[in-house]
Amino acid sequence: MSVDLTMIKNIAHLARIALNEKEAQCMSGELTAILGLVEQLDEVDVTNVEPITSIMPMILRMREDVVTDGSRTEDIVVNAPVVEKGFFLVPKVIE
Amino acid sequence: MNDVTALTIAEARERLRRREITAVELTDIYLAEIDKANAKINAYVSITGDQARHMAAKSDVLLAKGKERPLEGIPLGIKDLFATYDVHTQACSRILDGFRPNYESTVTANLWADGAVLLGKLNMDEFAMGSSNETSFYGPVINPWRRKGSATALVPGGSSGGSAAAVAAHLCAGATATDTGGSIRQPAAFTGTVGIKPTYGRCSRWGVIAFASSLDQAGPIARDVRDCAILLKSMASFDIKDSTSVDLPVPDYEAVLGKSVKGMKIGIPKEYQIDDMPKEIARLWSRGSECLKEAGAQIIDISMPHTKYALAAYYIVAPAEASSNLARYDGVRYGLRVSGKDIIEMYENTRSLGFGHEVKRRILIGTYVLSAGYYNAYYLKAQKVRTLIKRDFDQVFEQGIDAILTPVTPSAAFRIGDESLTQDPVAMYLNDIFTVTVNMAGLPGLSIPAGLSTEGLPLGLQLIGYPFGEEILFQLGHVMEKACGTFSPKKWW
């Protein structure tokens, strides 16, 4: 499976990463090589094998539906690049 | 290195309790050593001298009252992946530029509650993605070990390269680390230190910056098996804030050291005997099994047929989970922001400048294998193969095997900037060939130094246990350590 430039650019856009032409070229070769390694899995028969869902056999714990945390706006926005009145600021999304 | 920094945690603990040294003195000696060595080793990305002295002074008060806690006054280094309150926490990435959390990871909170002292944050591969510590935004860590008669700079392994190098160079008494595909065990092997990746769920992942959530696990790197046991006891806990944390009591790992391993069954998996294994690795491995045999253990040949597929499955699962986990770095809530003409361009520019090449590559692989039309062929298939890998281990342990012995790495530490590895991602990924299986199955794995290569570099062996079988690993590791000795680099820094 080879990953061509058009596909790399499409994936990069899906991943929201801007790539220049040189980086895209490089990624195309590297992803092709890695997918080559991954092709080994074609040899494995997985008929009737369930995908792993829990690494240790366990059931997710339930807890009471109560408020355990909150009212920490300051703590939450303290590391943001641009903040106003407790809100994260981003470029205009709706015209 | 000097006499005081050469002390193990167990030895320093004794001296502190006998009041032969104060915690502040011990911390100051370490800080002075870091000050002298860090420009050459690059193990620390942030040194917290004032905070360290403050914590040590509090330890001295408790020591004076005879109310010391298990790690009272022990100076530790913390991998930059752990959130530490108001202290540099960036996973050694530019995208978390300036990030200082106002919360503390559960693992580090456990260490401070037991009296440990924070010396600073340790270098690592960016977002723990790498096997050489060369992907760090802060530059590579230099291995304190050099080849005989050579001054060539070698990698300390990765991703916990700063942790391993700091422990080996005596720039901390012990360190925290994390392991997603070998990131504790491989650097431990490259630096002659001891590291354990505990069972998945043993240490809380809360406050540990996520790479691949179903594989990530925190653990210690230390000078010897006893120190590793001491640190793991403090790091491990049940934590309701991590839904995969396991509610089991934490044993006193130190208590098993010195117990006989007579009659234990050690499995030697034939699938780890890869074709191009260097002779010295093969020799080390058979010496390791000899030494366990001499101690009364039984050596048994075993087979785990799906081993060879673990690396391929790992390079689907880990990037897939990473692409999802790293979606949060978008220039809005924390860290770096690079502007653009609209919000999409802002995201794309921020992530382009903020992430390094290796991280971008893994996000792209992950995005690809999860994208519409490919999910079943890649991710679902890999998760099925993972079931088979886990089943191989289950069957071996059901036969009564107590632990499995394998090499940690296919080679000793390599040169920084080695083009055959930096330009061929698959060659670099092969470093993890003996370690990823353990993460895929969620098992504990202990890496212990077992000898030196012909070039004078440390080589490690790995003991793999059944879920929550850490005590057996420490017990066996202690026996091997007694037979093989401990290893320290010659000081050149």
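The structure we're discussing is the one just above.
A.B. asks: Go over the overall build of chain A, please, and point to the residues and values.
C.D. replies: When its secondary structure is counted, chain A shows three helices and two strands. Overall, chain A shows an N-to-C arrangement of helices and strands of α-α-α-β-β. By the compact-globule yardstick of 12 Å for 95 residues, chain A is too spread out, its C-alpha radius of gyration being 23 Å. C-alpha atoms of chain A, sized along the principal axes, occupy 55 × 45 × 25 Å.

A.B. asks: Pulling in residues and values, what's your account of a nonpolar patch on the surface?
C.D. replies: Residue and element names in this part refer to chain A. Judged by side-chain polarity, Val90, Val93 and Ile94 come together as a nonpolar surface patch covering roughly 300 Å² of accessible area. With respect to the helices, strands and loops of the structure, isoleucine 94 is situated in the segment after strand 2 (87-88). Isoleucine 94 sits in the exposed class, given a relative accessible area of 69%.

A.B. asks: Talk me through the interface of chain B and chain A; I want residue IDs and the actual numbers.
C.D. replies: Across the contact, 68 residues belong to chain B and 49 residues belong to chain A. Counting the contacts that link chain B with chain A gives three salt bridges. Taken together, the links from chain B to chain A amount to 21 residue pairs in polar contact (both at pLDDT 80 or more). For the side of chain B that touches chain A, the secondary-structure elements that each account for two or more residues are helix 9 (310-325), helix 10 (343-354), helix 11 (357-370), helix 12 (376-398), helix 14 (425-429) and helix 15 (436-441) of chain B. Among the elements that make up the side of chain B that touches chain A, the one with the highest residue count is helix 12 of chain B (11 residues). Of the residues that constitute the side of chain B that touches chain A, the class distribution is 36 nonpolar, 17 polar and 15 charged.

A.B. asks: Outline the packing of helix 1 (residues 5-14) of chain A against helix 11 of chain B, supporting the account with residue identities and numerical values.
C.D. replies: Helix 11 of chain B packs onto helix 1 of chain A with a crossing angle of 95 degrees between their chain directions and a minimal axis gap of 9 Å. Relative to helix 11 of chain B, helix 1 of chain A is oriented roughly perpendicular. On helix 11 of chain B, the residues touching Met7, Ile11, Ala12 and Leu14 of chain A of helix 1 of chain A are Leu364, Thr367 and Tyr368 of chain B. Split into classes, the residues belonging to the contact of helix 1 of chain A with helix 11 of chain B amount to six nonpolar, one polar and no charged.

Criteria and cut-off values
- Residues numbered from 1 in each chain as written.
- Chains lettered and ligands numbered in written order.
- Predicted model: local features only at pLDDT ≥ 70, side-chain atom pairs only at ≥ 80, totals over all residues.
- Heavy atoms only, no water.
- Helix = DSSP H or I, 4+ residues; strand = E, 2+ residues; numbered from the N terminus.
- Rg over C-alpha atoms; globule rule 2.2 N^0.38 Å.
- Patch = residues over 30% accessible without salt bridge, like charges linked within 9 Å, V, L, I, M, F, W, Y side chains within 5 Å.
- Areas by Shrake-Rupley, 256 points an atom, 1.4 Å probe, with all protein chains shown as cover.
- Salt bridge = Lys/Arg side-chain N within 4 Å of Asp/Glu carboxyl O.
- Buried < 20%, exposed > 50% of the residue type's maximum accessible area, 1.4 Å probe, protein only.
- Contact = heavy atoms within 4.5 Å.
- Polar contact = N/O pair within 3.5 Å; in protein donor to acceptor, adjacent residues only side chain to side chain.
- Nonpolar A, V, L, I, M, F, W, Y, C, P; charged D, E, K, R; others polar.
- Axes fitted to C-alpha atoms, helices over the stretch in contact; angles between N-to-C directions.
- Parallel < 35°, antiparallel > 145°, perpendicular 65-115°, else oblique.

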